[in-house]
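Letter by letter, the chains look like this.
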Amino acid sequence: MQSSFSILDWVIFASYFLLLILTSVLLSQSKIKNSRDYFTGGNSIPMFAVAISVLATSQSAATFLGAPEYSYKHDLTFLGFYVSAFLAVIFVAKVLVPRFYAINAITVYEYLSYRYGEKSKRYAGIMFLVGRLFASGARLYIGALAISMILFSDILATHIAISIAILMIGALAYTYFGGVKSVIFSDIIQAVTYVGAGVAVLVYLYYSLNTDFSTIITTLSDNSKLKLVDFSFSGGFTVWTLLTGWFLLNIAAYGLDQDMTQRVLTCKNKKEGERSLIYALIFTIPVAFLFLVIGLLLYLFYQHPEISNISSACVDQNVDGQSVKIFMLYILNEMPEGLRGLVTVGAIAAALSSTNSVLSAMSSVAVEDIYRGWLVKDRDEEHYLKVSRLMVLVFALLLSMMGMISFYWQQYTELPLLNFALGVMAFAYASLLGVYGSAIFTNRGNEKTVLWALIGGFLTVLFLQPYIFNIKVDFSIMMILGTLVSFLIMMTGKPKDV
């Protein structure tokens, strides 16, 4: 493994953080009068800025490393996930977004308050906070893992803690002072940074291969790496799972998860909110394709030495017992100075864009759905704004702690922590889909059935996990059954005029 950063890498790294400091100061200058301004930007954010922010929020260090890993091991069928997401976004834009704007919502869970009562909103908000704490804490750990490997060439606990601190300080610089408006405009910087890093890697990797474009295409085709559509029943990203379970998951991710949907609620009106989501997916698909193509070129680099001119491929490398993703392996061993620094800030940008957004989202749910009107009533807006900023700090601390817990849990147990933690939101998604399906398309349900539907959907997905009863069920089946159970529980409620 190569030594750590060169002077040029450190210059690029320092320049990026100087940019973060300058932009965070500039973006925090806007006057914020109340928590609505803090969480929705006064409904004044341009539509294209929101679209790019949704793109950035949907990406993370896990995507940065995971997409190349998938195409390296498999093919291009993962691209179907984003086609499924595009169909889901059209549904969200036409069915959910107008309803959120109709009630002037700050969080997506306020709609349940409108339909079933205040307690319903709190139940959904609590489920979101618990799920997001686990899922985003683990996602923070993955980002820190990548940064620690690149900066320090190891994953010692102290270096993981430093990497988590780097990400969290960067996120707080935007979120604490400027609220969601600052987060959205910072996301544009992060998106440009990590997409630019991806393009630089693609160009370098392409020209490092000692062959022409037609040979690359022919070799990939002969190795069945260019398949886009899978009509089999093998699970994963087949046409059938993409149109069922993954479609449901994407509806929940883009329409029922405050982490993503908060961006959409900052637009001037519902029409711009709808368009921001659709444009976000139009922008996301080529970005996903970019990182999948990187994975294909890495496959040629490591598996076809006649093309890459390398004598051996050390593709099973571990760092301190931690399996290294193929893109990370390439960064650590093959990248020249300068480019490695650029890719490092790209990984940080991917992790940062998902970290600052979740701080704002969790704070908005904690304050607007739980604190305001339940724990504390009839206080002035200055009080709620102070509490909003306090909650950002609280969740920054909690997520950092969860990131370190993820590190120790994975190091010292056999439990698949990351798979479970990253799937926690899917448990909540199934429950929320059933509840919102009832709220939008039927006149049944009440506060009590909302609580039991959230629990029932969550438990259904949990019981279908292989580490519970050793049942092996495809993820899409889990989503379908969890949603169905949640919806059927809602149907036990008496009809009510809406």
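Per chain, residue numbering runs from 1 following the sequence as it is written. In keeping with the predicted nature of the model, local features appear solely for residues at pLDDT of at least 70, side-chain atom pairs appear and are counted solely at 80 or more, and the whole-chain, interface and lining totals rest on all residues. The basis for the side-chain values is all heavy atoms of the structure; hydrogens and waters are excluded.

## Observations regarding the overall build of the protein chain
Stated formally: Helix numbers and strand numbers start at the N terminus; a helix is a DSSP run of H or I with at least 4 residues, a strand a run of E with at least 2. The globule rule used here is 2.2 Å times the number of residues to the 0.38 power, and the radius of gyration it is set against is calculated over C-alpha atoms. Every accessible area reported is derived by Shrake-Rupley at a probe size of 1.4 Å, with residue values counting cover from the shown protein chains alone. Neither His nor the chain ends is counted toward charge; the positive residues are Lys and Arg and the negative residues Asp and Glu. Note that the charge is assigned to NZ on lysines, CZ on arginines, CG on aspartates and CD on glutamates.
Per the secondary structure count, the protein chain includes 21 helices and two strands. What you see for the protein chain is a C-alpha radius of gyration of 22 Å, in line with the 23 Å of a compact globule of 498 residues. Viewed in the frame of its principal axes, the protein chain has a C-alpha envelope of about 70 × 50 × 45 Å. Total accessible area on the protein chain is roughly 19700 Å²; 65% of this is exposed by carbon and sulfur atoms. Distance from the positive charge centre (32 side chains) to the negative charge centre (30 side chains) of the protein chain: 13 Å.

## Focus on the side chain of Ser-486
Selection rule: Whether two residues are in contact is decided by their heavy atoms, any of which lying within 4.5 Å being enough.
Within the secondary structure layout, Ser-486 lies in helix H21 (residues 475-491). Contact partners of Ser-486, with chain neighbours within four places excluded, come to Ala-430, Ser-431, Gly-434, Val-435, Ala-453 and Gly-457.

## Examining the packing of aromatic side chains
To be explicit about the condition: Here a pair means two rings of Phe, Tyr or Trp (six-membered ring of Trp) with centres within 6.5 Å. Their orientation is stacked below 30 degrees between planes, edge-to-face above 60, and tilted elsewhere. Any residue under 20% of the maximum accessible area for its type is buried, any over 50% is exposed, and the rest in between are partly exposed; the area is computed with a 1.4 Å probe on protein chains only. Whether a charge sits over a ring comes down to the Lys NZ or Arg CZ being within 6 Å of the ring centre and within 35 degrees of the ring normal.
Enumeration according to the criterion identifies 35 aromatic pairs in this entry. Look at Phe-91 and Phe-441: their rings are 6.4 Å apart centre to centre, the planes differ by 40°, and that puts the pair in the tilted class. Here Phe-91 is found in helix H5 (residues 79-102), whereas its partner Phe-441 is found in helix H18 (residues 417-441), with 350 residues between them in sequence. Under the relative-accessibility criterion, Phe-91 is labelled partly exposed at 26%. Ring geometry for Phe-407 and Tyr-408: centres 5.0 Å apart, planes at 75°, overall edge-to-face. Through successive ring pairs, a cluster of aromatic residues spans Tyr-70, Phe-78, Phe-81, Tyr-82, Phe-237, Trp-246 and Phe-475. The ring of Tyr-384 has Arg-372 lying over it, and the distance from NZ or CZ to the ring centre is 4.0 Å.

## What about the environment of Lys-181?
With respect to the helices and strands, Lys-181 occurs in helix H8 (residues 157-208). Under the relative-accessibility criterion, Lys-181 is labelled partly exposed at 30%. For the pair Lys-181 and Arg-263, spaced 82 residues apart in sequence, the C-alpha separation works out to 9.0 Å. Apart from the residues lying within four places of it in its own chain, the contact partners of Lys-181 are Ser-30, Gly-41, Ser-44 and Ile-45.

## Some thoughts on H21
We count it as follows: How far a helix is expected to stretch is found by multiplying one less than its residue total by 1.5 Å. Directions from the helix axis toward the C-beta atoms define the arc.
The terminal C-alpha atoms of H21, which comprises 17 residues, lie 24 Å apart, in line with the 24 Å expected from a rise of 1.5 Å per residue. Those residues of H21 lying buried are Ser-476, Met-478, Met-479, Gly-482, Thr-483, Ser-486 and Met-490. Along the axis of H21, the buried positions cluster into a sector of 160°, meaning they face one direction only.

## Description of the confidence of the model for the protein chain
Cut-off, in case you're wondering: The quantity known as pLDDT measures the predictor's confidence residue by residue, on a range of 0 to 100.
Of all residues in the protein chain, 93% have pLDDT values of 70 or greater, and the mean over the chain is 87. Here strand E1 (residues 318-319) stands out as the least confident element of the protein chain, with mean pLDDT 53; H5 is the most confident, with 94.

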